[in-house]
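In case you want the letters, here they are:
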Amino acid sequence: MADGEVDNNPAVDVRQLTAVDLLLRVLAKPKWLVDLHEAFILRSNETTTGLSVCFDCTPAEAVTISGLNRSHGVATLTVGSVTALELTVVPDELHHANIQGLPDKELDPDRAEWFASRLAQAAQIVDRTRREQ
Amino acid sequence: MASQPLPLGYCGEPEPAKIRRLSRSYPRGQHPMEQPSTAKTSVMTKWIPLPSLFDPQSIFEAMISPEANVVTSYARNSSAVVAEIDGLIAGREDESKPSEYAYGKARSLVEAAYGHIKLRESVPEIVPEALVTTDDVGGIRLAWRVGPKQVRANVGADANLRSYIYFESGTQHSVEQLDVPHLAGRLAWLTER
């Protein structure tokens, strides 16, 4: 599959994503609310799978899906804004997808940081609720 | 979406968030995203450091950047950044504890780079306050921003993990070696008028 495409044949039966669909990124740290680019740097457990995002769910549901013990809000961005950067959105569960194509900062820091800036520009913080689970 | 500039100290009434349908499955008017946002008020009250009466060397200014989701504060010296780095090693809620390697390297780099800047007469003394955080493996990340210009320092958790400076302004972006001359140079570049 080429970069910039949406994978419409995921392993599980999930609906097709379109350019206007919203992806939710759970904010793990309060400082991500101050400068959002940090939310789009791959964490060590995302380097093989891609950046974890949710869809078709509420912010609270996204936090539950993320599995984070504590979170500080949620940012959203459209599928179209992601694919416009020639990144790929791959749904793998009913309400979960991975943004693939982002480089690990250990391997390509320039592109990793640049993509983080672009995704932060495209994203909007829609929830600033601190949650623990 | 870019935040609008607000006057210093603005703590006005929350304004409704722009409504976007999250999916087709939620009835209109019931979507949990459709609720008032207190984003701007929260940012101002939570994240802008107040001047300390006990630290006359620290003078702070603050503004909401027109860039998205960013608050910029300014400090005259490295004390605020060093205090943030010290706070990480002391253990801070919501932050991974940095490695001793990253802590020592970040602290010494910041102190030396800020000192280097002060020695350069042509460079404004005021540099923006840094966002100081950790990655999830014990590295430290620092970020400075003035308008469209950004500088980030990534201090790897150990010598085998990458440490680098990233900078961008408009379409210009690149990485540099993380050392005192490069960091001081990039902070000077950041504050150039």
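This text gives an overview of the structure that appears in the document. Remember, predicted model here, so these are calculated numbers, not experimental data. (Residues numbered from 1 in each chain as written. Chains lettered and ligands numbered in written order. Predicted model: local features only at pLDDT ≥ 70, side-chain atom pairs only at ≥ 80, totals over all residues.)

What to know about the overall build of chain B
Thought 1: Scanning chain B for helices and strands turns up 4 helices and 10 strands.
Thought 2: Secondary structure elements of chain B occur, N-terminal to C-terminal, as β-β-α-β-β-α-α-β-β-β-β-β-β-α.
Thought 3: Expressed as a percentage of the 193 residues in chain B, the buried residues total 36%.
Thought 4: Considering only intrachain contacts with a sequence separation of at least 6, the fraction spanning at least 24 residues in chain B is 51%. (Helix = DSSP H or I, 4+ residues; strand = E, 2+ residues; numbered from the N terminus. Buried ≥ 20, exposed ≤ 12 C-beta atoms within 10 Å, placed from the backbone. Contact = placed C-beta atoms within 7 Å.)

Regarding the overall build of chain A
Thought 1: Counting secondary structure elements, chain A contains 3 helices and 8 strands.
Thought 2: Listed N to C, the secondary structure of chain A is β-β-α-β-β-α-β-β-α-β-β in terms of helices and strands.
Thought 3: In terms of C-alpha radius of gyration, chain A reaches 14 Å, essentially the compact-globule figure of 14 Å for 133 residues.
Thought 4: With respect to the principal axes defined by its C-alpha atoms, chain A has extents near 35 × 35 × 25 Å. (Rg over C-alpha atoms; globule rule 2.2 N^0.38 Å.)

Some words on the pairing of strand S6 (residues 96–100) of chain A
All names here are of chain A.
Thought 1: Of all 5 residues that make up S6, 4 are buried, and the element is covered over most of its length.
Thought 2: The pairing of strand S2 (residues 51–54) with S6 spans 4 bridges and is antiparallel. Looking across to S6, one finds that Leu 51 is bridged to Ile 99.
Thought 3: In this sheet, S6 lies alongside strand S5 (residues 88–93) in antiparallel orientation, the contact comprising 5 bridges. Bridging across to S6, Thr 88 finds its partner in Gln 100.
Thought 4: Here S5 folds back onto S6 in antiparallel fashion, the turn holding 2 residues. (Pairing = 2+ DSSP bridges.)

Some thoughts on the sheet that holds strand S8 (residues 149–155) of chain B
All names here are of chain B.
Thought 1: Pairing is antiparallel in the open sheet, where 5 strands are placed in the order S6-S7-S8-S9-S10. The open sheet has two edge strands with one neighbour each: strand S6 (131–134) and strand S10 (172–177). For this sheet, the mean angle separating the axes of adjacent strands, direction not counted, is 15°.
Thought 2: Across 4 bridges, the pairing between S6 and strand S7 (residues 140–146) is antiparallel. When the bridges of S7 are listed, Val 132 appears paired with Leu 142.
Thought 3: Relative to S6, helix H2 (residues 79–90) is tilted by about 20°, and along the sheet it contacts S6 and S7. (Axes fitted to C-alpha atoms, helices over the stretch in contact; angles between N-to-C directions.)

Brief notes about the environment of Val74(A)
Thought 1: Considering the arrangement of structural elements, one finds Val74(A) in strand S4 (residues 74–78).
Thought 2: Taking C-alpha positions, Val74(A) is 20 Å from Ser44(A), a pair spaced 30 residues apart along the chain.

Let's talk about the nonpolar core
Thought 1: Counting residues in hydrophobic clusters, the biggest one holds 78 residues, and the most contacted among them are Leu23(A) and Leu24(A).
Thought 2: Residues contacting Leu24(A), with those up to four places away along its chain left out, are Val53(A), Cys54(A), Phe55(A), Cys57(A), Pro59(A), Ala62(A), Val74(A) and Thr76(A). (Core = buried A, V, L, I, M, F, W, Y, C linked by C-beta atoms within 7 Å.)

Details of unusual backbone geometry
Note on backbone geometry: most residues besides glycine have negative phi, and most peptide bonds are trans.
All names here are of chain A.
Thought 1: Of note in this structure, Asp 56 is not a glycine but carries a positive phi near 50°.
Thought 2: Its location among the elements puts Asp 56 in the loop between S2 and helix H1 (59–66).
Thought 3: Owing to 23 C-beta atoms within 10 Å, Asp 56 belongs among the buried residues under this scheme.
Thought 4: Backbone geometry places Glu 86, a non-glycine residue, at a positive phi of 65°.

Here's the deal with helix H4 (residues 180–191) of chain B
Thought 1: Compared with an ideal rise of 1.5 Å per residue, which puts 12 residues at 16 Å, H4(B) spans 17 Å between its outermost C-alpha atoms and is within 8% of the ideal.
Thought 2: Every buried residue of H4(B) is listed here: Leu183(B), Ala184(B), Gly185(B), Arg186(B), Leu187(B) and Leu190(B). (Expected span 1.5 Å × (residues − 1).)

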